[in-house]
Structures are given as C-alpha cells and as structure tokens.
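The primary structure of each chain is shown beneath.
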Amino acid sequence: MTTRRRRRDDDDGSREIAELAALADGSLSPERRAALEARVAASPELADRLTEQERAIALAQSAADEVEAPAALRARIEARRRAKRAWLPRGVVLAGAALTAVLAVGIGVAALGSSGSAETFHAALQPTDLVPAASGAATMTKTSSGWRIELRATGLPRREAPLFYAAWLRNSAGVLVPIGTFNDGRDVTLWAGVSPKEFSTISVTRERADTDQDSSGERVLVGTVDTSG
C-alpha cells in the first residue's frame, strides 16, 4: 500500500469516527444522518463504534448530573435544552439532550471554579541585617490537605547540606510552626497545617542539620500575612 493510499485511508477513518460522534450527540446534519444510519445498520463494526460514542455521551451526561451548578446556571442550561428541542428533528431530540449534558458539565465546572475560589493570602518578606540584600514574597492557598505556600526569594545565597533554610509561621503568642526547608529560595513550595489567619508571621531562618530541631533564630527574611482580603 502506497503512502498516499494509507494517508487517504487514515483520513477516511478519522472522518468516519467524527461523523459517528456527531450522530451520537445529534449534531450531524439531516442529509448526512440518513446515509450514515443506513451504513451503521449494515455494518456490525460501525454499530459497535456508534455504541462506544453513545456510551461516552452517556458518561458525560452522568457526570453532568453530579455537578452541583448554581440554580441560575441550571435554569439557563434547561432553557437551552428546551430551545434545542424546539428546532431539532424528532429523531435527534435525545442525542441533542446528551450534547446539552456535555455542555452542562463544562459550564457547571467553570461556574464552580469561579464562584468557589480557594481562600488565598499574600505576604511580603523583608530582609534582616543577616542578609540585607534579600527579599521575597509568599502566596498561601487553602486546600483540602492544608495551606500550600508558594515562596519566592531573591538575594539568598544557596545553602548546601548540612546547611539549609527553614520557613516558619508564628502566632501572636510566639508559637512557631515549621512549614518546610529548602536550599534555594527562587521557587519553593511549603505546606502548613495551621491557618495563616492565626499564625500570621512568616519567617525564614538559616539552619544546620543536627539534633536541635528548634529554630536557630537566625532570621534572614520576615513578613506579616495580609489577611485583610
């Protein structure tokens, strides 16, 4: 088989799959629909492929049912479904409903992402006399696992083992909670199991690997979390 023949066969196969998908979701034009349905009826292989496409649509519809979209959004989706039923041919109504379900998943997830934004705080980190050229910033995002803290610092010399930097959160009573260690401050991810709303002071210290797990007190960066929103 020549390369041109193989390419033509591949193109035909891709076009056929695309048409089967359109038949499954109701978007295939009426003039193409009748011809394709006749081919599907005469070919067990095409019938199996159509079943796969319909199963994918059903799965998307099931996912749509699990999306708890806001009431106003659900009303808009239902209005679109009714409008679609008004102009679709009778045989296409069910497939069109499945297509609307797919749209509902995308719209519902987007709405939940915009309305349910994760709680986020920021902190600017100022240098101390130990490393006066340093500076940094931290972004704290609430997750189901805790608070993810993205820290970026400049002007901090890289420290190699057994030397390293440690980051801490502190509350108004002076209680320190360690949130992670690192060697270079340019792109650091830390985690905290306490809220920065209560532990609102963030600091970075110079440390050495030894048996003393307390802070060395050698702070190189320090800042206050902005919780004003």
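Cut-off values and rules
Here the residue numbers are simple positions, counted from 1 along each chain's written sequence. Selection of residues for local features in this predicted model requires a pLDDT of at least 70, selection of side-chain atom pairs for listing and counting requires 80 or more, and totals for whole chains, interfaces and linings are taken over all residues. Hydrogens are left out, water is left out, and the side-chain values use all remaining heavy atoms of the structure. What counts as a helix is a DSSP run of H or I of at least four residues, what counts as a strand is a run of E of at least two, and both are numbered from the N terminus. Exposure categories follow from relative accessible area, calculated using a 1.4 Å probe and restricted to protein chains: below 20% of the type maximum is buried, above 50% is exposed, and the middle band is partly exposed. Contact between two residues is taken to exist if any of their heavy atoms lie within 4.5 Å; hydrogens are not considered. A strand pair is defined by DSSP finding two or more bridges across the two strands. Simply put, an axis is a line fit to the C-alpha atoms, just over the touching stretch for a helix, and the angle between two N-to-C directions goes from 0 to 180 degrees. As used here, the term nonpolar core means buried Ala, Val, Leu, Ile, Met, Phe, Trp, Tyr and Cys residues forming a set that is joined through side-chain atoms within 4.5 Å. Planes of paired rings set the category: under 30 degrees apart is stacked, over 60 is edge-to-face and the rest tilted, where pairs are Phe, Tyr or Trp rings (Trp by its six-membered ring) whose centres lie within 6.5 Å. Only when the NZ of Lys or the CZ of Arg is both within 6 Å of the ring centre and within 35 degrees of the ring normal is a charge said to sit over the ring. Values of pLDDT, ranging from 0 to 100, describe the predictor's confidence in every residue of the model.

Overview of the overall build of the chain
Part 1: Broken down by element type, the chain carries 5 helices and 8 strands.
Part 2: Start at the N end of the chain and walk to the C end: the helices and strands fall as α-α-α-α-α-β-β-β-β-β-β-β-β.
Part 3: Among the 229 residues that make up the chain, the fraction classed as buried is 34%.
Part 4: In the chain, the proportion of contacts linking residues at least 24 apart, taken out of those at least 6 apart, comes to 58%.

A word on the sheet that holds strand 2 (residues 135-143)
Part 1: Read from one edge of the open sheet, 8 strands run 5-4-7-8-1-2-3-6, paired in antiparallel fashion. This sheet does not close on itself; its edge strands, each paired only once, are strand 5 (176-182) and strand 6 (188-192). Across the sheet, the mean angle from the axis of one strand to that of its neighbour is 25 degrees, orientation sign disregarded.
Part 2: As judged from the 8 bridges shared by strand 4 (residues 163-170) and strand 7 (residues 201-208), these two strands associate in the antiparallel manner. Note that in strand 7 the partner of Trp168 across the bridge is Ser203.

Some thoughts on the nonpolar core
Part 1: Ranked by size, the top nonpolar core spans 27 residues in total, and within it Met140, Ile149, Leu151 and Ile202 carry the most contacts.
Part 2: Counting residues per element, the ones that place at least two in this core are strand 1 (120-127), strand 2, strand 3 (146-154), strand 4, strand 5, strand 6, strand 7 and strand 8 (219-226).
Part 3: Here the element with the most residues in this core is strand 3; it accounts for 4 residues.
Part 4: The contact partners of Met140, leaving out residues within four places of it in the chain, are Glu119, Thr120, Phe121, Ala123, Trp147, Arg148, Ile149, Leu169, Pro196, Ile202 and Val225.
Part 5: In terms of nonpolar packing, the next biggest core, distinct from the first, is built from 10 residues, Leu23, Val40, Leu50 and Ile57 among them.

Some details on the packing of aromatic side chains
Part 1: In total, this model carries 2 aromatic pairs according to the counting rule given.
Part 2: Note on Phe121 and Trp147: the rings are 5.6 Å apart at their centroids and 15 degrees apart in plane angle, and the pair reads as stacked. Taken as a pair, Phe121 in strand 1 and Trp147 in strand 3 lie far apart in primary sequence, 26 residues in all. Summarising the burial analysis for this pair, Phe121 and Trp147 share the class buried.
Part 3: The side chain of Arg159 reaches across the aromatic face of Tyr165, ending 5.5 Å from its centre.

Some words on the confidence of the model for the chain
Part 1: This prediction gives the chain a mean pLDDT of 79; 69% of its residues lie at or above 70.
Part 2: For the stretch residues 87-95, pLDDT sits under 50, and the model shows 11 contacts to residues farther than four places along the chain or on other chains.
Part 3: Considering only residues more than four positions removed or in separate chains, one finds that residues 101-105, a stretch of pLDDT under 50, has 10 contacts.

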